[in-house]
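Inside the fold
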Amino acid sequence: MRHLLTLADLSAADLRAILDLSAAAAEPVLRGQGVALYFEKPSARTRNSMELAVVQLGGHPVYLQPQELGIGTRETVEDVTRTLACFHSIIAARVFDHGMLDDMATIGAAPIMNMLSGTDHPLQALADLLTIRELCGRVEGVRVAYVGDGDNNVARSLAHACTALGAELTVASPAGYGLSDAPAGVHQTEDPHAAVEGADIVYTDVWVSMGQERERDERLAALCDYQVDEALMARAPSAHLLHCLPAHRGEEVSAEVIDGPRSAVWRQAENRMHSARGALRWILQQD
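Small disclaimer: the values here were computed from a predicted structure and weren't measured.

**Side note on the nonpolar core**
By size, the foremost hydrophobic cluster in this structure holds 51 residues, and its most contacted members are Leu4, Met50, Met113 and Leu169. Ignoring anything within four residues of it in the chain, the contact list for Leu169 reads Val144, Tyr146, Leu158, Ala159, Cys162, Gly185, Val186 and His187. By size, the runner-up hydrophobic cluster in this structure holds 24 residues, among which are Val147, Tyr226, Ala236 and Val257.

**Focus: the packing of aromatic side chains**
Tallied over the entire structure, the rule returns 2 aromatic pairs. Taken together, a centroid distance of 5.1 Å and an interplanar angle of 40° make the contact between Phe39 and Tyr63 tilted. Highlighted residues: Phe39 in strand E1 (residues 34–39) and Tyr63 in strand E2 (residues 60–64), separated in sequence by 24 residues. The ring of Tyr63 carries Arg47 above its face, with NZ or CZ at 3.6 Å from the centroid.

**Side note on the state of the cysteines**
If you walk through the whole model with that rule in mind, you get 0 disulfides. With no disulfide of its own, Cys244 has Cys162 as its nearest cysteine by sulfur position, at a separation of 14 Å. Residue classification places Cys244 among the buried residues on the basis of a relative accessible area of 7%.

**A word on the pairing of E1**
Of all 6 residues in E1, 6 are buried; the element is thus mostly enclosed. Side chains Gly34, Ala36 and Tyr38 project from E1 onto one buried face, and the interleaved Val35, Leu37 and Phe39 project onto a second face that is buried too. As defined by bridge partners, E1 adjoins E2 across 5 bridges and the pair is classed as parallel. When the sheet's bridge partners are listed, Ala36 is paired in E2 with Val62. Once you follow E1 into helix H2 (residues 45–56) and on to E2, the crossover reads as right-handed. For E1 and strand E3 (residues 88–94), the ladder comprises 6 bridges, and the chain directions are parallel. Following the sheet pairing, Leu37 is matched in E3 by Ala92.

**Digging into the sheet that holds strand E8 (residues 201–204)**
Read from one edge to the other, the open sheet built from 5 strands follows the order E7-E6-E5-E8-E9, with strand pairing classed as parallel. At either margin of the open sheet sits one strand with a lone partner, and together these are strand E7 (187–189) and strand E9 (240–243). Neighbour to neighbour, the strand axes of the sheet diverge by 20° on average, direction disregarded. Relative to strand E5 (residues 143–147), helix H7 (residues 153–165) is tilted by about 165°, and along the sheet it contacts E5, strand E6 (168–172) and E8. This element, helix H12 (residues 265–284), spans E8 and E9 of the sheet and lies at about 45° to E9.

**Considering the sheet that holds strand E4 (residues 112–116)**
Working definition: the strands of a sheet are paired by backbone hydrogen bonds and lie parallel or antiparallel to each other. Strand order across the open sheet formed by 4 strands is E2-E1-E3-E4, with parallel pairing between neighbours. Each edge of the sheet is formed by a strand with only one pairing partner; in this case those strands are E2 and E4. Each neighbouring strand pair of the sheet contributes to a mean axis angle of 20°, computed without reference to strand direction. Relative to the sheet, helix H5 (residues 98–107) contacts E1, E3 and E4, its axis offset from that of E4 by approximately 170°.

**Some thoughts on the UniProt feature "domain: Aspartate/ornithine carbamoyltransferase carbamoyl-P binding" (unreviewed entry) in the protein chain**
Mapped onto this structure's residue numbering, the UniProt feature "domain: Aspartate/ornithine carbamoyltransferase carbamoyl-P binding" (unreviewed entry) falls at residues 2–134. The span residues 2–134 shows a helical share of 45% and a strand share of 17%, and its end C-alpha atoms are spaced 27 Å apart.

**Observations concerning unusual backbone geometry**
With an omega of 5°, the peptide bond running from Leu245 to Pro246 counts as cis. Locating Pro246 in the fold gives a position in the loop between E9 and helix H11 (255–258). Positive phi is not limited to glycine here, since Leu116 has a value of about 160°. Examined against the element boundaries, Leu116 turns out to sit in strand E4. In this model, Leu245 sits at a positive phi of 65°, which is unusual for a non-glycine residue.

**Section: the environment of Val62**
With respect to the element layout, Val62 can be found in strand E2. Put simply, Val62 and Leu37 are 25 residues apart on the chain and 5.8 Å apart in space, counted from C-alpha to C-alpha. Residue contacts for Val62: discarding those within four places in its chain leaves Val35, Ala36, Leu37 and His88.

About the thresholds
- Residues numbered from 1 in each chain as written.
- Predicted model: local features only at pLDDT ≥ 70, side-chain atom pairs only at ≥ 80, totals over all residues.
- Heavy atoms only, no water.
- Core = buried A, V, L, I, M, F, W, Y, C linked by side-chain atoms within 4.5 Å.
- Buried < 20%, exposed > 50% of the residue type's maximum accessible area, 1.4 Å probe, protein only.
- Contact = heavy atoms within 4.5 Å.
- Phe/Tyr/Trp six-rings, centres within 6.5 Å; stacked < 30°, edge-to-face > 60°.
- Helix = DSSP H or I, 4+ residues; strand = E, 2+ residues; numbered from the N terminus.
- Lys NZ or Arg CZ within 6 Å of the ring centre and 35° of its normal.
- Disulfide = S-S within 2.5 Å.
- Pairing = 2+ DSSP bridges.
- Right-handed = clockwise from strand over helix to strand, strands pointing away.
- Axes fitted to C-alpha atoms, helices over the stretch in contact; angles between N-to-C directions.
- UniProt positions renumbered as here; feature names shortened; annotations may be inferred.

What follows is the structure, encoded as structure tokens:
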């Protein structure tokens with residue numbers, strides 16, 4: 001049984017297989033089958049991309065919220081997982097605590113897919129890889145500069161994805177905001193200008209994520225010199241901009257850049273659907 005919990009668990013061959021399946025025409029491998037989509041955190045891109053990916057594969061997505069399942073209050077994680085496995089071929093979950101996904105996978109009742117957790121965002125990184133491959137014709141050797149708050153689930157999954165497939169990733173963050181558990185091969189710096197010099201891809205994310213609202217003023221002050229604007233992009237004249245969205249124009253990125261000709265964020269957003277389809281197909285394949 002295959003699970004997709006973190007990209008750190010996947011080999012380079014696994015990642016390439018998912019990318020190839022993402023780029024391929026949809027096949028009805030989920031015909032007549034259900035996929036449970038459990039959301040503890042709301043999301044526009046994740047819900048839309050996952051529901052459409054399941055439908056394109058011939059399946060039926062079922063959107064579930066915490067008050068419907070009562071995990072840890074009305075029922076145990078094990079009982080909920082085993083119940084959902086009676087109806088669904090895959091259980092996908094967007095959760096705060098990554099440990100819940102580990103617990104669900106250990107039960108072994110159905111394949112588990114991580115739609116986002118506090119530590120990892122594998123589906124976003126798969127869409128990033130697919131977008132990079134489309135823009136650059138390859139992933140290996142591509143120079144990626146991630147600018148801003150580096151100690152989050154997006155940067156972590158991106159780091160695992162890049163190192164597995166041979167992309168050169170540099171994370172530029174102020175002191176205290178770097179990627180704390182970066183895999184070997186990831187370069188970190190406090191200088192955003194040095195990070196983007198000659199980059200093929202410049203990537204950024206919001207400075208204040210869900211659950212960090214109380215830290216807003218502190219974060220804006222710490223990260224104010226890390227905005228991706230036209231001056232910063234000028235140091236990488238051939239680079240494309242990526243952003244996982246939602247975006248806060250005037251904070252982590254300027255409107256001129258994200259709405260400009262070098263922005264690939266809408267292709268990246270659409271690729272959330274294609275990469276989700278590829279990930280679902282990969283999960284259903286037998287080793």
